Amino acid sequence: MKVLISTDIEGVAGVYHPEQVRVGNPEYERARILMTHEANAAIAGAFDGGATKVLVNDSHGGFRNMPPDLLDPRAQAVQGKPRYLGMVAGVDEGVDAVCMIGYHSRAKGRGILAHTINSFAFARVYFNDLELGEAGIYGALAGEYGVPVVMASGDDVFIEEHRPVFPHAAFVQTKRATGHTSGVSLSPAQACSAIRESVAAALMRHSTARPFVLAGPIAVRIQTQTTALADLFCQWPTLRRLDGDEVGFDAPTVEAAVRMINSLSAMSTMLR
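What comes next concerns the included structure. Residue positions are given per chain, counted from 1 along the sequence in the order it is written. Given that the model is predicted, a residue must reach a pLDDT of at least 70 before its local features are reported, and side-chain atom pairs must reach 80 or more before they are shown or counted; all residues, however, enter totals for whole chains, interfaces and linings. Excluded from the side-chain calculations are hydrogens and water; all other atoms, namely the structure's heavy atoms, are used.

## Remarks on the overall build of the protein
Stated formally: A run of H or I in DSSP becomes a helix once it reaches four residues, and a run of E becomes a strand once it reaches two; helices and strands are each numbered from the N terminus. Radius of gyration here uses only the C-alpha atoms, and the compact-globule reference equals 2.2 Å multiplied by the residue count raised to the power 0.38. A simple rule labels every residue: compare its accessible area, found with a 1.4 Å probe on the protein chains alone, to the largest value its type can have, and call it buried under 20%, exposed over 50%, or partly exposed in between. The criterion used for residue contact is that any of the two residues' heavy atoms lie within 4.5 Å.
Looking only at helices and strands, the protein has six helices and 12 strands in total. Here the C-alpha atoms of the protein give a radius of gyration of 17 Å, agreeing with the 19 Å that 2.2 N^0.38 yields for 272 residues. C-alpha extents for the protein along the principal axes are approximately 50 × 40 × 30 Å. Considering the protein as a whole, with its 272 residues, one finds that 57% of them fall into the buried category. Considering only contacts within the protein whose residues lie at least 6 apart along the sequence, 69% involve residues at least 24 apart.

Right, dumping it as structure tokens:
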């Protein structure tokens, strides 16, 4: 059994503030270690649950947060960008199950550090009129490869949003959101223990899980954070202007939609 672990940072226990998730801040240096500990707990749980090979995908920011020398040496690290499959890069390598560690709620959600892919650029993202955050978008991409999300961790709002999306998955609540930058968290040790146990249990019954599948073509609608961003994105002839702050496009597959969204995210940097 081959397992892909996709690890973000905003849903990690003890992480609440933008300074903890942005490179160049002293608090980030500590938070990236907490992220690595949760990834290692998931790796250990995967082997406990019968995995024979584990890929761990660094899925935050520049995709090179976790020090490779601190990762469980039994796993192979997927790091760096750009990469076509983003937060689930590696899912195309015959993977049987995906676990999402340290994830967060979607933009405009009530969760801690809630956003979708790029907090500067995107306010809401819809696939075929279904509003999705990062977990839903990349869960659908994994589903396109026939791979289910069997386990996920993050705050209570993230879990509430994603139980309907991944009804067969196990969830670990690492913290409870009381605001965008506040909450009540498990200790890192408690979170890691719960993650390890949950990953192992989820993989032991992974054959009962079903992929989250969105049939193409995909009608993508994006509410941008500003009208200036909508102006910029519509320089790409494929996009349609739907409103002052909304753009849309059609993609034949989820993978194509993800690649286009990530290209728009990269374009947005010229307005920062």
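## What to know about the pattern of salt bridges
This is how the line gets drawn: One speaks of a salt bridge when a side-chain nitrogen belonging to Lys or Arg is within 4 Å of a carboxyl oxygen belonging to Asp or Glu.
According to the stated counting rule, one finds 11 salt bridges in the structure shown. Residue D231 is joined to R241 by a salt bridge in which the shortest nitrogen-to-oxygen separation is 2.9 Å. Within this pair, whereas D231 is found in helix α5 (residues 227–233), its partner R241 is found in strand β11 (residues 240–243), the two being separated by 10 residues in sequence. Among the ionic pairs, D250 bridges to R240, the shortest N-O distance being 3.3 Å. Here D250 is found in strand β12 (residues 246–251), whereas its partner R240 is found in strand β11, with 10 residues between them in sequence. R240 sits in the partly exposed class, given a relative accessible area of 38%. Within this structure, R106, R124 and E131 form a network of salt bridges that share partners.

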